[in-house]
Amino acid sequence: MKKKILSLTIAIAFTAPAMAQQAVEVLHWWTAGGEAAALGVLKGNLEKEGIKWNDMPVAGGGGEQAMTAVRARVTSGNPPAAVQMLGFDIQDWAKQGVLADMNDLANKEGWDKTVPLALQKFSKFNGKWVAAPVNVHSTNWVWANKAVLEKAGVKAEPKTWDDFIAALDKVQKAGFIGLAQGGQPWQETTMFDGVVLSAGGLDFYKKAFIDLDQKALNSPTMIKAFDRMSQLRKYADKDFSGRDWNVAAGMVISGKAGFQIMGDWAKGEFIAAKKVPGKDFLCFRVPGTQGIVSFNADQFAMFKVGADKVAAQTKLASAILNPGFQSAFNVVKGSAPARTDVSDAAFDDCGKKAIKDLAEANKNNTLVGSMAQGHTVPASIKNAFYDVVTRHFNGQIDSKKAAAELAAAAKG
Ligand code: BGC
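On a predicted model such as this, the values are computed, not experimentally measured, just so you know.

Caption draft 1: Representation of the site of the ligand. Not every one of the 15 residues close to the ligand is listed here, only the nearest: Trp-30, Glu-35, Asp-298, Lys-333 and Gln-373. In this structure, Gln-373 approaches the ligand through a side-chain N or O atom, which is 2.5 Å from an oxygen atom. Look at the ligand: alone it shows 310 Å² of surface, and the protein chains cover 99% of it. A class-by-class count of the residues in the shell around the ligand yields 6 nonpolar, 6 polar and 3 charged. When residues of the shell around the ligand are assigned to domains, at least three fall in each of domain 1 (8-138 + 297-364) and domain 2 (141-294 + 369-411).

Caption draft 2: Representation of the sheet that holds strand S2 (residues 52-57) in the model. As summarised here, the arrangement of the 5 strands in space is S2-S1-S3-S13-S6, forming an open sheet in which the pairing is mixed. Strands at the two margins of the open sheet, each flanked by one partner only, are S2 and strand S6 (131-133). Recorded for the sheet is a direction-independent mean angle of 30 degrees between the axes of neighbouring strands. Where S6 and strand S13 (residues 298-302) come together, 3 bridges link them in antiparallel fashion. Considered in S13, the bridge of Pro-133 is made with Gln-299.

Caption draft 3: Looking closely at the state of the cysteines. Tallied over the full model, the rule gives 1 disulfide. Put simply, Cys-283 and Cys-350 are joined by a disulfide, and their sulfur atoms are 2.2 Å apart. Looking down the S-S bond of the Cys-283 and Cys-350 bridge, the torsion is -105 degrees, so its handedness is left-handed. Taken together, the positions of Cys-283 in strand S11 (residues 281-285) and Cys-350 in helix H17 (residues 349-364) put the pair 67 residues apart, joining distant regions of the chain.

Caption draft 4: Region of interest: the domain arrangement of the chain. Taken domain by domain, the chain comprises domain 1 (8-138 + 297-364) and domain 2 (141-294 + 369-411). A separation of 28 Å is found between the C-alpha centroids of domain 1 and domain 2. Taken together, the contact between domain 1 and domain 2 spans 30 residues of the former and 30 residues of the latter. Carbon and sulfur atoms supply 57% of the area buried between domain 1 and domain 2, which totals about 2500 Å² over both sides. Per-residue buried area on domain 1 facing domain 2 is highest for Phe-88, Ser-138 and Cys-350; these three make up 26% of the total on that side. Between Arg-285 and Asp-357 there is a salt bridge, with the nearest N and O atoms lying 2.9 Å from each other.

Caption draft 5: Quick peek at the pattern of salt bridges. If you walk through the whole model with that rule in mind, you get 15 salt bridges. Across the pair Asp-112 and Lys-124 runs a salt bridge whose closest N-O atoms are separated by 2.5 Å. Of this pair, Asp-112 sits in helix H6 (residues 111-114) while Lys-124 sits in strand S4 (residues 124-125), placing them 12 residues apart in sequence. Note that Glu-150 is salt-bridged to Lys-146, the shortest N-O span being 4.0 Å. With Glu-150 and Lys-146 both in helix H8 (residues 146-152) and 4 residues apart, the pair spans about one turn of that helix. Residue classification places Glu-150 among the exposed positions, given a relative accessible area of 54%. With relative accessibility at 26%, the residue Lys-146 sits in the partly exposed group. If you follow the salt bridges from partner to partner, you end up with Asp-387, Arg-391, Lys-401 and Glu-405 in one network.

Caption draft 6: Quick look at the packing of aromatic side chains. Inspection of every chain in the model, using the stated rule, returns 19 aromatic pairs. Look at Phe-325 and Phe-329: their rings are 5.2 Å apart centre to centre, the planes differ by 40 degrees, and that puts the pair in the tilted class. Taken together, the positions of Phe-325 and Phe-329, both in helix H16 (residues 323-333) and 4 residues apart, correspond to about one turn of that helix. Here a set of aromatic residues connected by ring pairs shows up, and it is made of Phe-192, Tyr-205, Phe-209, Phe-226 and Phe-385. Positioned above the aromatic ring of Trp-141 is the side chain of Arg-285, whose terminal nitrogen or guanidinium carbon lies 3.7 Å from the ring centre.

Caption draft 7: Representation of the sheet that holds S11 in the model. Pairing is mixed in the open sheet, where 4 strands are placed in the order S9-S10-S8-S11. Each end of this open sheet is capped by a strand with a single partner; those strands are strand S9 (177-179) and S11. Neighbour-to-neighbour, the strand axes of the sheet open up by a mean angle of 20 degrees, direction not taken into account. Where S9 and strand S10 (residues 257-261) come together, 2 bridges link them in parallel fashion. In the sheet register, Leu-179 faces S10, and the bridge partner there is Phe-259.

Caption draft 8: Representation of the pairing of strand S8 (residues 141-145). For S8, a buried count of 5 out of 5 residues is recorded, marking the element as mostly surrounded by other parts of the structure. Covered by surrounding structure in S8 are Trp-141, Trp-143 and Asn-145 together with Val-142 and Ala-144, the residues of both alternating faces. Relative to S11, S8 runs antiparallel, the two being bridged by 5 bridges. Paired with Trp-143 across the strands is Cys-283, a residue of S11.

Caption draft 9: Molecular detail of the confidence of the model for the chain. Considering every residue of the chain, the mean pLDDT works out to 95; 95% of them sit at 70 or more. Confidence, expressed as mean pLDDT per element, reaches its minimum in the chain at helix H1 (residues 2-15) with 47 and its maximum at S10 with 99. Note that pLDDT drops below 50 for residues 5-16; the model gives that stretch 0 contacts with residues more than four away or on any other chain.

Definitions and limits used
Residues numbered from 1 in each chain as written. Predicted model: local features only at pLDDT ≥ 70, side-chain atom pairs only at ≥ 80, totals over all residues. Heavy atoms only, no water. Near = heavy atom within 4 Å. Polar contact = N/O pair within 3.5 Å; in protein donor to acceptor, adjacent residues only side chain to side chain. Areas by Shrake-Rupley, 256 points an atom, 1.4 Å probe, with all protein chains shown as cover. Nonpolar A, V, L, I, M, F, W, Y, C, P; charged D, E, K, R; others polar. Domains from an automatic or database assignment. Pairing = 2+ DSSP bridges. Helix = DSSP H or I, 4+ residues; strand = E, 2+ residues; numbered from the N terminus. Axes fitted to C-alpha atoms, helices over the stretch in contact; angles between N-to-C directions. Disulfide = S-S within 2.5 Å. Contact = heavy atoms within 4.5 Å. Buried area = accessible area lost by both parts, 1.4 Å probe. Salt bridge = Lys/Arg side-chain N within 4 Å of Asp/Glu carboxyl O. Buried < 20%, exposed > 50% of the residue type's maximum accessible area, 1.4 Å probe, protein only. Phe/Tyr/Trp six-rings, centres within 6.5 Å; stacked < 30°, edge-to-face > 60°. Lys NZ or Arg CZ within 6 Å of the ring centre and 35° of its normal. pLDDT = per-residue confidence, 0-100.

Shown next, in the form of structure tokens:
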């Protein structure tokens, strides 16, 4: 009997075709130093499970270019297994019926109980999990070089808008660049999230960017927000146009500039440069937005792929939701975990603050989606908003016209 089984096994071993190595193709826009380091954690974990990582990077924050690349792949009937995606983009792709149903895995692992509801709203479509959330970022942050502030005589972290402007003034007068600015529409609009929240408050932001209320969009308060953008522009250097966000972060890291207003992926750059929060740099909420968190969550939308690719895709989704991974990844990425049950022990002070702010905002109902990062309106409107914000920031239209154009863009 034993002999028979043995010969059968040998026969199978000889006749079965050599098994191809399982692989996942992942499309993402994590090309900066801190981002690549964080992605390396995921790659490494999958490789340990014997899964090959086929990398498909398409640079550009907010994911505009990445979405164009995905469109081409879906049209040709050959989508990648997983695509980094934000908010409404996930829902848009789900509507087209091209995303996979991950409910078996999600139910087995209890995602419903551990992923914050604000994220689930985007990860699920018609009750089915179609994306695996990897983090929670937020956009209303300021990053500052501590030594520059000391040299400029900025004694305390600015708490109000006026304090902030006074601090920018001091930094500029001391011979530094006040604001490290990246000159791309998505970056200017990311800054606009925090500026609108500070100028108008949470209810105003919701009315304008979630309800698309015409009266809020074209209002004196929105004009005030645009005026604040013009104020900030005066503290940027003359070469900001076209500059990448990580290059702008580098200006704060190296002590050329005092401040940057950017989502907490910027912290990934400080960490990659071995800088320490509290000692080398400071992180605080855009003055006037304390207590509010304008979030965006990176998720990996899972596309319907051929049967031979499903096992690797499932392992990728499971690896993304793994609590140990969520800690290790987000420590490096600058974000908070996309699960509520991950300890903050491994995080630095800014990471601990991000996790605490998120939990409090969730409890106090002051957690709101980031407009700039695709969490309040679909891409068609978001991109029209980008266009208005960038033309205003570059001095092509005044604040009054910008507010009117924002309202018109919302109708589209
Ligand atoms: C993403 C971040 C990313 C940033 C810059 C944002 O849209 O949510 O994960 O680091 O773009 O690339």
